[in-house]
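Descriptive analysis of the structure
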Amino acid sequence: MKSLQEEIIKKLGVKASINPEEEIRRRIDFLKKYLLTHPFLETYVLGISGGQDSTLAGRLAQMAVTELREETGRKDYRFIAIRLPYGEQADETDSQKALDFIQPDERLAINIKTSVDSLVAEFTNEGFSIGDFNKGNIKARQRMIVQYAVAGERKGAVIGTDHAAESITGFYTKFGDGAADLLPLSGLNKRQGRQLLEHLSAPSDLYEKIPTADLEDNKPLVADEEALGVTYEAIDDYLEGKEISKEAKVKIEQLYQQSEHKRHLPITLWDSFWKK
Ligand SMILES: NC(=O)c1ccc[n+]([C@@H]2O[C@H](COP(=O)([O-])OP(=O)(O)OC[C@H]3O[C@@H](n4cnc5c(N)ncnc54)[C@H](O)[C@@H]3O)[C@@H](O)[C@H]2O)c1
Ligand SMILES: Nc1ncnc2c1ncn2[C@@H]1O[C@H](COP(=O)(O)O)[C@@H](O)[C@H]1O
Ligand SMILES: O=P(O)(O)OP(=O)(O)O
Ligand SMILES: [Mg+2]
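Under the annotation held in an unreviewed UniProt entry, the chain carries the name NH(3)-dependent NAD(+) synthetase and is attributed to Vagococcus elongatus. What UniProt states about the chain under its Function (unreviewed entry) heading is, verbatim, "Catalyzes the ATP-dependent amidation of deamido-NAD to form NAD. Uses ammonia as a nitrogen source." Regarding the chain, the relevant UniProt record gives this comment under Sequence similarities (unreviewed entry): "Belongs to the NAD synthetase family."

This is how it looks when you write it as structure tokens:
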């Protein structure tokens, strides 16, 4: 019988080692093929935070539409990068650095603070309190609304930045940053994403930076690893089939099982994956 680790690696499609050039080509081709197969679609849309994952997914999307324009002569293939700060973002300089590296066809900036705060104020008026953690998930869902609004206006599809090292722990907001049309980083762990950025000559501080969801008002820039209680080093090793400490293994497998519902469409009467 397969171990849970083997089962997870297979399900998430992770390779123990990668050839960065091949992985970049495979992912660009995937993005190109999807647009070619769906002629109604002509743009890709993605929020750029200044973190590793959106820098990589954004650059791949831009490379895909640039190649498509050259190969088809269709000028309407475009990538739209969206800055989505909540008020003033502490690491805004990284976001600008990411945009400079991605060189998107079009840039938009929509500040989500007014809409998020007015929604939370409506709850307060009703005497219903929204905690800081839950407000963080509202921010992530507000970003999802903006990205889909842009896609709706521009014959677009929304790109998501979920990859194997996030998927395994369910470290994303359900229907927030977890909502997207295509996931070009699927199957990669965190260090493989770094390898791809290095191969693409991205500024090293963007892929060496500490990953953060940066969702809480009271704890800005809190590291994912602190919020998760396990390191990406351990998650990446686990996903590459390596042996890790018992403590980390137990934690990862617990997070995997708890977040099973996030890796499925809404549960119907006919689903059985959740039954023990
Ligand atoms: N500071 C930060 O870094 C920060 C802040 C906020 C959120 N986050 C991260 O974002 C992620 C989102 O948080 P979350 O997971 O608490 O919220 P979520 O909204 O993504 O998921 C929770 C929701 O999922 C549904 N749900 C829960 N268990 C279910 C089950 N067994 N079956 C079906 N549906 C179920 C419920 O609607 C629940 O409200 C987490 O990984 C969290 O750590 C990070
Ligand atoms: N501040 C942000 N601006 C634009 N887009 C953002 C911002 N914060 C998050 N995003 C998007 O959400 C995903 C997930 O972020 P995590 O750091 O993994 O929580 C990110 O890749 C952006 O596309
Ligand atoms: O999703 P991003 O771009 O914010 O990357 P990270 O998860 O490393 O913060
Ligand atoms: Mg981030």
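Having seen the model, we can carry on.
1. Thoughts on the packing of helix H5 (residues 113-125) against helix H6 (residues 132-153)
Relative placement of two packed helices is described by the angle separating their axes and the distance separating the axes. For the pair H5 and H6, interaxial distance at closest approach is 10 Å and the crossing angle is 135°. On the basis of their axis angle, the class for H5 and H6 is oblique. By crossing handedness, the relation of H5 to H6 is classed as right-handed. Across from Ser115, Val116, Asp117, Leu119 and Val120 in H5, the residues of H6 making contact are Lys135, Ile138, Lys139 and Gln142. Taken together, the residues of the contact of H5 with H6 sort by class into four nonpolar, two polar and three charged.

2. Concerning unusual backbone geometry
The phi torsion at Gln103 lies on the positive side, around 55°, for a residue other than glycine. Position of Gln103 relative to the elements: it lies in the loop between helix H4 (92-102) and strand S3 (106-109). Residues other than glycine seldom take positive phi values, yet Phe175 does so here, at roughly 60°. Residue position: Phe175 is located in the loop between helix H7 (164-167) and helix H8 (190-199).

3. With respect to the nonpolar core
If you look at the biggest cluster of nonpolar residues, it comprises 35 residues, and the most contacted ones within it are Leu31, Tyr44, Ile48, Leu56, Leu60 and Phe79. Among the elements that line this core, the one with the most residues is helix H3 (residues 52-72), at eight residues. Dropping the residues within four chain positions of it, Leu56 is found in contact with Leu185, Leu188, Gly193, Leu196, Leu197 and Leu200. Judged by nonpolar contacts, the second largest core, of 19 residues, contains Ile168, Tyr232, Ile244 and Ala248.

4. Digging into the packing of aromatic side chains
Ring pairs (aromatic) are described by centroid distance and by the angle formed between their planes. Scanning the entire structure with this criterion turns up one aromatic pair. Seen from their ring centres, Phe123 and Phe128 are 5.5 Å apart, and the 45° between their planes marks the pair as tilted. Lying over the aromatic face of Tyr232, Lys190 brings its terminal NZ or CZ to 5.3 Å of the ring centre. The cationic tip of Lys262 hangs over the ring face of Tyr172; the distance from NZ or CZ to the ring centre is 5.3 Å.

5. Remarks on the UniProt feature "domain: NAD/GMP synthase" (unreviewed entry) in the chain
Mapped onto this numbering, the UniProt entry annotates "domain: NAD/GMP synthase" (unreviewed entry) at residues 24-266. In this annotation, residues 24-266 is assigned 52% helix and 7% strand; the end-to-end C-alpha distance for the span is 31 Å.

6. As for the UniProt feature "binding site: Mg(2+)" (unreviewed entry) in the chain
Mapped onto this numbering, the UniProt entry annotates "binding site: Mg(2+)" (unreviewed entry) at Asp53 and Glu166. In summary, the annotated positions, though distributed over 114 residues, converge in three dimensions, the widest C-alpha pair being only 10.4 Å. Locating Asp53 in the fold gives a position in helix H3. We classify Asp53 as buried; its relative accessible area is 10%. Excluding anything up to four places from it in sequence, Glu166 contacts Asp53, Thr161, Phe171, Tyr172 and Tyr232.

What counts as what
- Residues numbered from 1 in each chain as written.
- Chains lettered and ligands numbered in written order.
- Predicted model: local features only at pLDDT ≥ 70, side-chain atom pairs only at ≥ 80, totals over all residues.
- Heavy atoms only, no water.
- UniProt positions renumbered as here; feature names shortened; annotations may be inferred.
- Axes fitted to C-alpha atoms, helices over the stretch in contact; angles between N-to-C directions.
- Helix = DSSP H or I, 4+ residues; strand = E, 2+ residues; numbered from the N terminus.
- Parallel < 35°, antiparallel > 145°, perpendicular 65-115°, else oblique.
- Left-handed = near helix turned anticlockwise from the far one by under 90°.
- Contact = heavy atoms within 4.5 Å.
- Nonpolar A, V, L, I, M, F, W, Y, C, P; charged D, E, K, R; others polar.
- Core = buried A, V, L, I, M, F, W, Y, C linked by side-chain atoms within 4.5 Å.
- Buried < 20%, exposed > 50% of the residue type's maximum accessible area, 1.4 Å probe, protein only.
- Phe/Tyr/Trp six-rings, centres within 6.5 Å; stacked < 30°, edge-to-face > 60°.
- Lys NZ or Arg CZ within 6 Å of the ring centre and 35° of its normal.

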